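# Examining the three-dimensional arrangement
Residue strings, one per chain:
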Amino acid sequence: MEYLIETPKQISLSKDVNKYYPNILTEEALLFIKQLHKKFNTQRLQLLEKRKGQQALFDQGLYPSFPAETKDIREGNWTVGDIPQDLLDRRVEITGPVDRKMVINALNSGAKTFMADFEDSNAPSWSNNLEGQQNLFDANKRVIELIDEKRGKHYRLNDETAVLLVRPRGLHLNESHLLVDGEEVSGSLFDFGLYVFHNTKILLEQNTAPYFYIPKLEHYLEARWWNKVFEFAQDYLNVPKGTFKATLLIETITASFQLDELIYELKDHIVGLNCGRWDYIFSYIKKFRNHKDFIVPNRDQVTMTTPFMAAYSDLVIQICHKRGIHAMGGMAAQIPIKNNPKANEEALEKVRIDKEREAKNGHDGTWVAHPALVEVAMNEFDKYMPTPNQIFRKRENLSITESDLLEIPKGTITEAGIRKNINVGILYMEAWLRGHGAVALYHLMEDAATAEISRTQLWQWLKNKVILEDGRQFNASLFEEFFDDEVEKIVTEVSEEKIESTKFCEAVQLFKRLVTQDKFEEFLTLSAYKQL
Ligand SMILES: CC(=O)SCCNC(=O)CCNC(=O)[C@H](O)C(C)(C)COP(=O)(O)OP(=O)(O)OC[C@H]1O[C@@H](n2cnc3c(N)ncnc32)[C@H](O)[C@@H]1OP(=O)(O)O
Ligand SMILES: O=CC(=O)O
Ligand SMILES: [Mg+2]
């Protein structure tokens, strides 16, 4: 059904929009999105083209290096970091999709801050995105509520809640339901624009402000673009420069070579960097996928103590502290295990060890995926970080080189590793196509970033016909055998009658195509979005 509405001139909704959200899609808000689109979309597309140029150089065998043209910025003695009072202590940050119940639970979780996610953990359907905006709007007005009649539960905010940060989609994603002059708008601008338009005033009245996590940047020019977007939006909304604050996810291999530059570009707005470890692994595999002899072992063998990962997190800490901002840690994948106390204890212990390592190394805070993990992470940071943050720990003796950041991890590729990637990849895609961007699989949190690792590894191993630990060569026929087998297991588990009412057929086809096609697709969510 086509939903007929009056939108401001030049703005239209795509034909498949069958629900309108009048509180969010006000005429004034749409006019603001139109302005953002007209001012910034062409540059965004140019930046995406630049990424292709960079990839072409990597495909010729090149590796990234610290840019020559910005040596002065790296060597200069500048600092930034006008950090607002309510962001000084970020020792535990909970993250989660913008679903109404999750938003309330996360804000009430006891974590210092909550990153509400339109990105890795959100399948960006029209309803998820618009309801997400409504949920955040209601949360900031402190009127958000939910009644679960079946369970007799009434969700509402506690008196004390976590400080809210919002993660808009990455630059590569469009919001295909909203068109300006017939062009799809950027998902980043749509998520960011609607949020600041509706919430800036409300937040300022409460002595806080719009705070953001910016994902998947690959180059300092992309940070410059975001800075201009911030400046324009602040002017438009009539609030001082520097009102909005951003933490950048360092989750692409190229970003690690430009940490000073990324901070410098956003100097009036930046308060931190974060080690987005899952996308970082994905990016590391993806960028060098066409390099000869560049192979990464089974997903579970790449951890934060693997040399290239340890080097990256150390460098993030060193540079953040030098420049006066927070160096946030990342997400351990373990989540609580119900009905199995021993397994649960082991999972929590893995999280504890991860957080202990981060706090001791100098991170100023960390991420947790579930409310039941807040306490574990809090205890470790309380123990090793008695002050609100440890920006004063400069780690000046560290010397991380270009080759440290690139060191190829050692390890093995096994049949079990291949099967796990196939199985988890299909299960995740199926959930995503039903609108769930984060799911628990085998007691681990899976989201778009972790699924990308599975997908990219399979593509790379297949393309390179790698030798498995048991001596066999991985090739198309072995892949077919494992793949069919894993699909059969899933069908048996779900049962043939029920499979019809799921998205498994689409997920199997999509995942298989992405893994076996010759041309590597930059992000699996680009194809998947067309089927959402
Ligand atoms: C790579 C990255 O980008 S990491 C960051 C992005 N990823 C994420 O943020 C993942 C966040 N985590 C989640 O989405 C969830 O924890 C999942 C999907 C992994 C598991 O969720 P569930 O299966 O619902 O877990 P479970 O049943 O144990 O939940 C228990 C309760 O905790 C709540 N809960 C679980 N995780 C969260 C969370 N992250 N935020 C708020 N509430 C949460 C559930 O809503 C549920 O509430 P209820 O008891 O009131 O019904
Ligand atoms: O966004 C976080 C990540 O690990 O990816
Ligand atoms: Mg990520």
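Residues numbered from 1 in each chain as written. Chains lettered and ligands numbered in written order. Predicted model: local features only at pLDDT ≥ 70, side-chain atom pairs only at ≥ 80, totals over all residues.

## Description of the overall build of the protein chain
In terms of helices and strands, the protein chain carries 18 helices and 15 strands. Here the C-alpha radius of gyration of the protein chain, 22 Å, is about what a compact globule of 532 residues would show, namely 24 Å. Each principal axis of the C-alpha atoms in the protein chain carries an extent, and together these give about 65 × 60 × 50 Å. Taken over 532 residues, the protein chain has a buried fraction of 46%. In the protein chain, once contacts between residues fewer than 6 apart in sequence are set aside, the share between residues at least 24 apart is 76%. (Helix = DSSP H or I, 4+ residues; strand = E, 2+ residues; numbered from the N terminus. Rg over C-alpha atoms; globule rule 2.2 N^0.38 Å. Buried ≥ 20, exposed ≤ 12 C-beta atoms within 10 Å, placed from the backbone. Contact = placed C-beta atoms within 7 Å.)

## With respect to the nonpolar core
Ranked by internal contacts, the top residues of the largest apolar core, which has 138 residues, are Val103, Phe114, Leu248, Val316 and Met429. If you tally residues by element for this core, the top one is helix H13 (residues 415–433), at 10 residues. Residues from two domains meet in this core; each of domain 1 (27–404) and domain 2 (412–529) gives at least three. In this structure, Val316 is in contact with Ile250, Leu259, Leu273, Cys275 and Ala327, ignoring residues within four places of it in sequence. (Core = buried A, V, L, I, M, F, W, Y, C linked by C-beta atoms within 7 Å. Domains from an automatic or database assignment.)

## Remarks on the UniProt feature "domain: Malate synthase N-terminal" (unreviewed entry) in the protein chain
Sequence positions flagged by UniProt for "domain: Malate synthase N-terminal" (unreviewed entry) are, in local numbering, residues 23–71. Within the segment residues 23–71, helix and strand shares are 69% and 0% respectively, and the terminal C-alpha atoms sit 48 Å apart. (UniProt positions renumbered as here; feature names shortened; annotations may be inferred.)

## Comments concerning the sheet that holds strand E7 (residues 174–180)
One open sheet holds the three strands; their spatial order is E1-E7-E8, and the pairing between them is antiparallel. At either margin of the open sheet sits one strand with a lone partner, and together these are strand E1 (11–13) and strand E8 (183–186). When strand polarity is set aside, the average angle formed by the axes of neighbouring strands in this sheet is 55 degrees. In terms of strand pairing, E7 meets E8 through four bridges, oriented antiparallel. Opposite Asn174, over in E8, you have Ser186 as the bridge partner. Each of E1, E7 and E8 touches helix H1 (residues 27–59); the most contacted strand, E8, lies at about 90 degrees to it. Along the sheet, helix H5 (residues 187–205) makes contact with E7 and E8, crossing E8 at roughly 60 degrees. (Pairing = 2+ DSSP bridges. Axes fitted to C-alpha atoms, helices over the stretch in contact; angles between N-to-C directions.)

## Considerations on the UniProt feature "domain: Malate synthase C-terminal" (unreviewed entry) in the protein chain
With numbering aligned to this structure, UniProt lists the feature "domain: Malate synthase C-terminal" (unreviewed entry) at residues 413–532. In this annotation, residues 413–532 is assigned 64% helix and 5% strand; the end-to-end C-alpha distance for the span is 32 Å.

## Side note on the pairing of strand E10 (residues 245–250)
The buried fraction of E10 amounts to six of the six residues, a majority that puts the element mostly inside the structure. Of the two faces of E10, the one lined by Lys245, Thr247 and Leu249 and the one lined by Ala246, Leu248 and Ile250 are each fully buried. Bridge analysis of strand E9 (residues 211–214) against E10 gives four bridges, and the strand direction is parallel. Looking across to E10, one finds that Phe212 is bridged to Ala246. Across five bridges, the pairing between E10 and strand E11 (residues 270–275) is parallel. Residue pairing across strands places Thr247 opposite Gly272, the latter belonging to E11. Traced from E10 through helix H7 (residues 259–265) to E11, the parallel crossover comes out right-handed. (Right-handed = clockwise from strand over helix to strand, strands pointing away.)

## A closer look at the domain arrangement of the protein chain
Under the domain assignment used here, the protein chain contains domain 1 (27–404) and domain 2 (412–529). Distance between the C-alpha centres of domain 1 and domain 2: 26 Å. Counting residues at the interface gives 29 residues for domain 1 and 32 residues for domain 2. Elements supplying a minimum of two residues to the side of domain 1 that touches domain 2: strand E2 (92–97) and helix H8 (277–287). Of the residues forming the side of domain 1 that touches domain 2, the biggest block, six residues, is contributed by H8. In the side of domain 1 that touches domain 2, the residues fall into 16 nonpolar, eight polar and five charged. (Nonpolar A, V, L, I, M, F, W, Y, C, P; charged D, E, K, R; others polar.)

## Concerning the site of ligand 2
Looking at ligand 2, the residues that line it are Asp120, Leu249, Glu251, Gly276, Arg277, Trp278, Asp279, Gly330, Met331 and Ala449. Taken together, the elements giving at least two residues each to the shell around ligand 2 come down to H8 and strand E12 (326–331). Take the shell around ligand 2: its biggest share by element is three residues, from H8. For the shell around ligand 2, the residue count by class is four nonpolar, two polar and four charged. (Near = placed C-beta within 6 Å.)

## Some words on the confidence of the model for the protein chain
Looking at the protein chain as a whole, the pLDDT averages 96, with 99% of positions reaching at least 70. Taken together, the chains of this predicted complex give a pTM of 0.97 and an interface ipTM of 0.99. (pLDDT = per-residue confidence, 0-100.)

## Points about the site of ligand 1
The environment of ligand 1 is made up of 24 residues, and the closest members are Gly96, Asn105, Asp120, Ser121 and Ala438. Looking at the shell around ligand 1, the elements that each hand over two or more residues are E2, helix H3 (100–107) and strand E14 (439–441). Grouping the amino acids of the shell around ligand 1 by side-chain chemistry returns 15 nonpolar, five polar and four charged. When we break the shell around ligand 1 down by domain, the ones giving at least three residues each are domain 1 (27–404) and domain 2 (412–529).

## Things to note about the packing of H8 against helix H14 (residues 448–463)
Viewed as axis vectors pointing N to C, H8 and H14 meet at an angle of 20 degrees, and their least axial separation amounts to 8 Å. In terms of orientation, H8 and H14 fall into the roughly parallel class. In terms of crossing hand, the pair formed by H8 and H14 is left-handed. For the pair formed by H8 and H14, the contact residues are Trp278, Asp279, Ile281, Phe282, Ile285 and Lys286 on the first element and Ala449, Thr450, Glu452, Ile453, Thr456, Gln457 and Gln460 on the second. (Parallel < 35°, antiparallel > 145°, perpendicular 65-115°, else oblique. Left-handed = near helix turned anticlockwise from the far one by under 90°.)

## Side note on H5
Its 19 residues place the ends of H5 28 Å apart at the C-alpha level, agreeing with the 27 Å of an ideal helix rising 1.5 Å per residue. If you look at H5, its biggest bend is around 50 degrees, right at Asn199. Counting buried residues in H5 gives 14 out of 19 residues, a clear majority hidden from the surface. Positive backbone phi, approximately 60 degrees, marks Asn207, located one or two places after H5. (Expected span 1.5 Å × (residues − 1). Bend = angle between axes of the 7 residues up to and from the residue.)

## Topic: the pairing of strand E4 (residues 145–148)
When E4 meets strand E5 (residues 153–156), the two strands line up antiparallel, connected through four bridges. Pairing of Asp148 across the sheet is with Lys153, part of E5. Between the antiparallel neighbours E4 and E5 lie four residues, among them Gly152 with a positive phi of about 60 degrees.

## Remarks on unusual backbone geometry
For Asp181, which is not a glycine, the phi torsion comes out positive at approximately 50 degrees. For Tyr442, which is not a glycine, the phi torsion comes out positive at approximately 55 degrees. You can see Tyr442 is positioned in the loop between E14 and strand E15 (444–446). On the neighbour-count criterion, Tyr442 (11 C-beta atoms within 10 Å) is exposed.

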